[in-house]
Amino acid sequence: MIHASSLPTETLNLLRALPDPYLFIATDFTIITATDAYLQATHQEHDFLTGKPILELFPTNLADLRQSLEWVLENKKPHQLNLQQKVAKDKTEETKDKNWSVTNTPALDAEGQISYLIFKLEAVLQPEESVKSAWQQAKQAVQPSADQTTLSQELIAARAEAELQREQLHNILMQAPALICIFEGPEHVFKLVNPHYQQLVGNRPIQGQPIAKVMPELAGQPIFDLLDKVYRTGETYHAHEMMVQLDHENIGSLGHNYYNFIYQATRDVYGKINGIMVFAYEVTAQVKARQEVEEREYALQTLNEQMAAANEEIRAANEELTVTQMALQELNDVLESRVEERTQELKLAHQKIEADRNRLHVLFMQAATPICILAGEDLVYELVNPAYQQLLPGRRLLGNSMLKEALTELETQPFAQVIKNVYKTGQTYFNQESLVPVARYENGPIENRYFSYTLQARRDEAGQVDGVIVFVFEVTEQVEARQEVEQSAKRLQLITDALPVLIGYLNKEEKYEFANQAYEAWFHKKPSELIGRKVVDIVGEKAYAGVKQYIDRALAGERLDFESRMPYREDFVKYIRTSYVPDVKHGQVEGFFTLVSDITEQVLVRQQIEDREKEANALAQKLLLANEDLSKSNTALQELTQLQKQLVALVDNSIDFIGLATPSGKGVYINQAGLDFLGLEQKQVKELHVTDFFFEEDQAFVQEVIIPALLSEGKWAGEFQFKHFITGEKLPVHYNSFAIKDPDTGQLLGLATISIYIGERKKQEAALKALTEQLANTNAELSTTNEQLTRTNIDLDNFIYTASHDLKAPIFNIEGLMQILIESLPQHLIAAEGLDDVTRMIQQSIERFKRTIDHLTDVTKLQKENNQAMVEVNLAEVIREVRLDLSPQLAEAGAEVTVEMNGCIGVNFSEKNLRSVVYNLLSNAIKYRSPDRKPKVKIECRHEGDYLDLSVQDNGLGIDLEASQRLFTMFGRLHDHVEGSGVGLYMVKKMVENAGGYIEVDSQEGQGSTFKVHLKR
């Protein structure tokens, strides 16, 4: 509980200096302190009020005031009521009843708990009192004042200070990393344009010109109507992801870019609209890439509509106030005087100075964007906001020179020359994803870290550079993640380029998205020239027609393997063996992978063999026909007719082995090609038996199988090996043998064979088999690589398109702008109109968005750390450390934790990941405890076969297992009554599976859950 004695003197003085009448009250309703404005309004003193119960100040309305304060404590929302109090200017004056309008507002800490209450007074005047007060002010105003000269001097000083503050605010607007401009008048003339806004139209001059004149391409788009409406009605307009088409390069081509922007009417000191302020930033990348957050966009749109409705109510209230003010205008006209005007200007100047100072302090010190200000030529840290200090948590910055004292390692880096040049020239410098080696802690190791930063020169009243303002974001994780993906892609490209097959990827439009180096040899185009082109344009119409049916089937989700003849060009025909593998994502076929092998030589050899077999069969048929004319006697076999002589000539000229033998298998004749093939001479033939042509291990088969088959069936064919009679070489042949019979009597006259050498075909088949095995191994490696890349790409897609620094920067800007908007609105107006709920909802949405980005970053870290080295980790020690870390939560819940190790000591796992697994499971058991009973958690470990089983059992709320399919998914949550992100169990599952294990859950609603983690031993 906060009391006056617990606050520093500077804080108390700051609270007392606030311009409105406030009391600051502890949660036990005692007064901490009061503003000077409150003391002046109630004619009381600090010593009288400090530590006094506030209920004693309002005895007339004690019950109402108590009820209001207790309601605020319970609901954490502001409450307004009317009170009456007796007030006297001094002790001699009679007390009078004073009517007040009171607003009680809770002040919340970072955890959402009430630190103290703010009690604000506003006098409620009766009509006759208002008139009397106004006449008295007028009377004092028209009386000559002896201090008029002093007042004029104060006014001049105040105006000068206000002008200085206005110039500083102008510099901030010009340096802000957002699109900012100010329109003036009903024609919306550009009064102020910061550099980021100017970049929308390049070097096109727009300052001092109406928007309709310098941006004519906006005609027909909503922009002009929206500006007219805001200027006419004063209603603030919020645009969310609106497409605005501008000629950014001034070449006559319109862009299709999306922006979030706000049109806010500006008013003069009399409340009259005199222009429009625009705050915008580009969100094109998010709109095109972030479809998964459509539900959040719908919620944000609903919130915008609620804010528009609230603004409409405020406008209606302003109109009612305007009517009231017009009733008093005649009286004010009479009372106006030169002294009153100067007094009012002085008051407004002081208020503006104070407001600008507060805005600057809030903008820099509470901004989520890391910011620092460096003063002087030595670049001394003059201001460092908390976000910047978190980048360098162990370094002493304030008051030290960046390059000479605080961060000396930067002195020799290119960054040092860049920032010195900004100070010297005054030119703003932007850099994206720059490598800056720097240590986080004093005397710590130098780390290679990447930053996107803006260096903006700061100028004094004379326009001279006196420092540098630094806006910076650390993007190390994003850069390293992208580099890892790029390296993986390069490794995959090198692997595929080295393979002697065509590997590619076609999308749903039949366009190449990937092609390896082998394509260049076939189509005389580099792989990069194929990307984006349709397959029909590359392979030609004839070849495309032959595979179109297979392409359609692959795009329908069917995996295919087929052979085809491809007439790519008139002089280039290939026989190919092709595999199509569909690429299925989220149940939809996005395209398919292609693997094409050249089998032209194998097909041609096979065709040649088939042609040879046809020739041999034809020759055999001729021999059979010739045999019909042979003599029926044994001697007729030796007497050749003219036809036989022709046949002998044909046989002698054949390039294949042709031989004749007696019915008993004794050699009779072999043609010249056969003699050369076996290394024989004709005189040796008659001395040989059929079995002598074969190797010894095959002779029994010839004698027992082949010759009986010839005698019984008349033919035998198959693959065999002949023996070379000189070298002993094995000669593979297709052995086609048949019996020669007398056509009239059927008597066996002899045996014949036509054998074709198939050695080359065997070599081709062996080479083809080796290539097939090589391709199978390559496919296995590619499959493994693709699986790894698929897991990496899924996680990186969720991160790159949702949590990149391009997304962080706008959300930080929204947060800063929202904070400025809240500070700009009077507290009583926020409380009276119920806008505090709206602003809190916006702030909570921003915080949830930031947490989502952080969780996605954790997922990317997990993917990067997939291959962490396995070491033996002491499981019991890890559990003990996690219990110590969670001891506050365990004590708060009154949880009873028991541990049974059962001989489990060490486990091979990443120590960091194992600690994360135990921490998530134990913290979930406490977080999702049952309110009806004392939490009991049992952690048990035991050996089960090849696994070490770690279980965490609780008696908490339990889980509906029918909905458990969402339990281990990213952002999947089954209980929403406590704070959570739905990422913890997803990361536990990933860490366990990456180490070769798996996780199971057994649960029953209302009784509790048991999570079992099976870790490889």
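Residues numbered from 1 in each chain as written. Predicted model: local features only at pLDDT ≥ 70, side-chain atom pairs only at ≥ 80, totals over all residues. Heavy atoms only, no water.

Across its full length, the chain holds 33 helices and 32 strands. The contacts in the chain between residues at least 6 apart in sequence include a share of 53% that link residues at least 24 apart. For the chain, the exposed surface amounts to about 55200 Å²; the carbon and sulfur share of it is 51%. (Helix = DSSP H or I, 4+ residues; strand = E, 2+ residues; numbered from the N terminus. Contact = heavy atoms within 4.5 Å. Areas by Shrake-Rupley, 256 points an atom, 1.4 Å probe, with all protein chains shown as cover.)

It is worth spelling out the sheet that holds strand S14 (residues 447–459) at this point. Across the sheet, which stays open at both edges, the five strands sit in the order S12-S11-S15-S14-S13 with antiparallel pairing between neighbours. Looking at the sheet topology across the chains shown, the edges are occupied by strand S12 (380–384) and strand S13 (429–438). Ignoring which end each strand starts from, the neighbouring axes of this sheet average 35° apart. Here S13 pairs with S14 via eight bridges, running antiparallel. Along S14, the bridge assignment pairs Val438 with Glu447. (Pairing = 2+ DSSP bridges. Axes fitted to C-alpha atoms, helices over the stretch in contact; angles between N-to-C directions.)

Moving on, we come to the packing of helix H32 (residues 911–927) against helix H33 (residues 984–994). Packed helix pairs are specified by the crossing angle of their axes together with the interaxial distance, meaning the distance between the axes. At a minimum axis distance of 10 Å, the contact between H32 and H33 shows a crossing angle of 145°. In terms of crossing hand, the pair formed by H32 and H33 is left-handed. Across from Asn913, Ser916, Val917, Asn920, Leu921 and Asn924 in H32, the residues of H33 making contact are Gly984, Leu985, Val988, Met991 and Val992. The residue inventory of the contact of H32 with H33, partitioned by class, reads six nonpolar, five polar and no charged. (Left-handed = near helix turned anticlockwise from the far one by under 90°. Nonpolar A, V, L, I, M, F, W, Y, C, P; charged D, E, K, R; others polar.)

So, about the confidence of the model for the chain. On average, residues of the chain score 80 in pLDDT, and 76% of them are at 70 or above. This stretch, residues 127–135, has a pLDDT under 50; its non-local contacts, to residues over four places away or in other chains, come to eight contacts. Here residues 137–146 scores under 50 on pLDDT; set against residues more than four positions off or in separate chains, the count is five contacts. (pLDDT = per-residue confidence, 0-100.)

With 39 residues, the main nonpolar core has Leu875, Leu914, Val937, Ile939 and Val1013 as its most contacted residues. Listing elements by their share of this core, those giving two or more residues are helix H30 (875–885), helix H31 (887–893), strand S28 (906–909), H32, strand S29 (936–944), strand S30 (947–954), H33 and strand S32 (1008–1016). At seven residues, the largest contribution of residues to this core is made by H32. Setting aside residues up to four positions removed in sequence, Ile939 forms contacts with Ile879, Val897, Thr898, Val899, Glu900, Leu922, Leu950, Ser951 and Val952. The next biggest cluster of nonpolar side chains, apart from the first, holds 31 residues, and it includes Phe183, Val201, Phe261 and Tyr263. (Core = buried A, V, L, I, M, F, W, Y, C linked by side-chain atoms within 4.5 Å. Buried < 20%, exposed > 50% of the residue type's maximum accessible area, 1.4 Å probe, protein only.)

This part is about unusual backbone geometry. Of note in this structure, Glu241 is not a glycine but carries a positive phi near 55°. Structurally, Glu241 is set in strand S8 (residues 237–244). A positive phi angle is found at His524, which is not glycine, with a value near 55°. With respect to the element layout, His524 can be found in the loop between helix H17 (518–523) and helix H18 (527–530).

What follows covers the pattern of salt bridges. Two side chains carrying opposite charge are able to pair once their charged atoms lie near each other. What the rule picks out here adds up to 29 salt bridges. In the salt-bridge network here, residues are joined through shared partners; they are Arg440, Glu447, Arg449 and Glu474. (Salt bridge = Lys/Arg side-chain N within 4 Å of Asp/Glu carboxyl O.)

Two faces, one strand: in a regular strand the side chains alternate between the faces of the sheet. For strand S16 (residues 502–507), the tally of buried residues reaches six of six residues, placing the bulk of the element in the interior. Both faces of S16 are covered, namely the face carrying Leu502, Gly504 and Leu506 and the face carrying Ile503, Tyr505 and Asn507. For S16 and strand S17 (residues 512–515), the ladder comprises three bridges, and the chain directions are antiparallel. By the bridge assignment, Leu506 is partnered in S17 with Tyr512. Linking S16 back to S17 in an antiparallel pair, the connection comprises four residues, with Glu510 at a positive phi of about 60°.

Okay, the packing of H30 against H32 next. Interhelical geometry of H30 versus H32 gives an angle of 50° and a closest axis separation of 10 Å. Here H30 lies oblique to H32, going by the angle between them. Classified by chirality, the crossing of H32 by H30 is right-handed. Contact residues: H30 offers Leu875, Val878, Ile879, Glu881, Val882, Arg883 and Asp885, while H32 offers Leu914, Arg915, Val918, Tyr919 and Leu922. Counted by class, the contact of H30 with H32 contains eight nonpolar, no polar and four charged residues. (Parallel < 35°, antiparallel > 145°, perpendicular 65-115°, else oblique.)

This part is about a nonpolar patch on the surface. A surface patch of nonpolar side chains, about 370 Å² in accessible area, is lined by Val269, Tyr270 and Leu348. Looking at where Leu348 falls in the secondary structure, it is placed in helix H12 (residues 338–365). (Patch = residues over 30% accessible without salt bridge, like charges linked within 9 Å, V, L, I, M, F, W, Y side chains within 5 Å.)

As a further point, take the environment of Val380. On the secondary structure map, Val380 appears in strand S12. With 26 residues separating them along the chain, Val380 and Ala406 place their C-alpha atoms 8.8 Å apart.

Taking the largest bend as the criterion, helix H20 (residues 541–555) deviates by roughly 50°, centred on Val547. On its buried side, H20 packs onto helix H19 (535–539), strand S18 (560–569), strand S19 (572–585) and strand S20 (588–598). Just beyond H20, the residue with positive phi is Gly557, at close to 105°. (Bend = angle between axes of the 7 residues up to and from the residue.)

Taken as a whole and assessed by the stated rule, the structure comprises 36 aromatic pairs. Measuring from centroid to centroid gives 4.9 Å for Tyr505 and Phe593, while their planes differ by 65°, and the two rings are edge-to-face. With Tyr505 in strand S16 and Phe593 in strand S20, the pair connects residues that are 88 residues apart, well separated along the chain. Among the residues examined, Phe593 registers a relative accessible area of 33% and is labelled partly exposed. When the centroid spacing of 6.2 Å and the interplanar angle of 70° are considered together, the rings of Phe701 and Trp716 count as edge-to-face. (Phe/Tyr/Trp six-rings, centres within 6.5 Å; stacked < 30°, edge-to-face > 60°.)

Moving on, we get to helix H15 (residues 414–425). Given a rise of 1.5 Å per residue, 12 residues ought to cover 16 Å, and the 17 Å separating the end C-alpha atoms of H15 matches this to within 8%. Among all positions in H15, only Phe415, Ala416, Val418, Ile419, Val422 and Tyr423 are buried. Buried residues of H15 fall within an arc of 165° about the axis and therefore sit on the same side. Relative to its buried face, H15 has exposed residues pointing more than 90 degrees away, namely Pro414, Gln417 and Lys424. Buried residues belonging to H15 abut strand S11 (371–375), helix H14 (402–406), S13, S14 and strand S15 (465–474). Following H15 by one or two positions, Gly426 has its phi on the positive side, about 80°. (Expected span 1.5 Å × (residues − 1). Arc of directions from axis to C-beta.)

For the rest of this paragraph, the subject is the sheet that holds S19. Pairing in this open sheet of five strands is antiparallel, and the strands run S17-S16-S20-S19-S18 from one edge to the other. Each edge of the open sheet carries a strand with a single partner, namely S17 and S18. Put simply, the sheet's adjacent strands are angled 30° from each other on average, direction ignored. H20 rests against S16, S18, S19 and S20 of the sheet, and its axis sits at about 155° to S18.

Along strand S21 (residues 657–661), four of the five residues are buried, which leaves the element largely enclosed by surrounding structure. With three bridges connecting them, S21 and strand S22 (residues 667–670) associate as antiparallel partners. Along S22, the bridge assignment pairs Gly659 with Ile670. Counted along the chain from S21 to the antiparallel partner S22, the turn is five residues long, and its residue Gly665 has a positive phi close to 100°.

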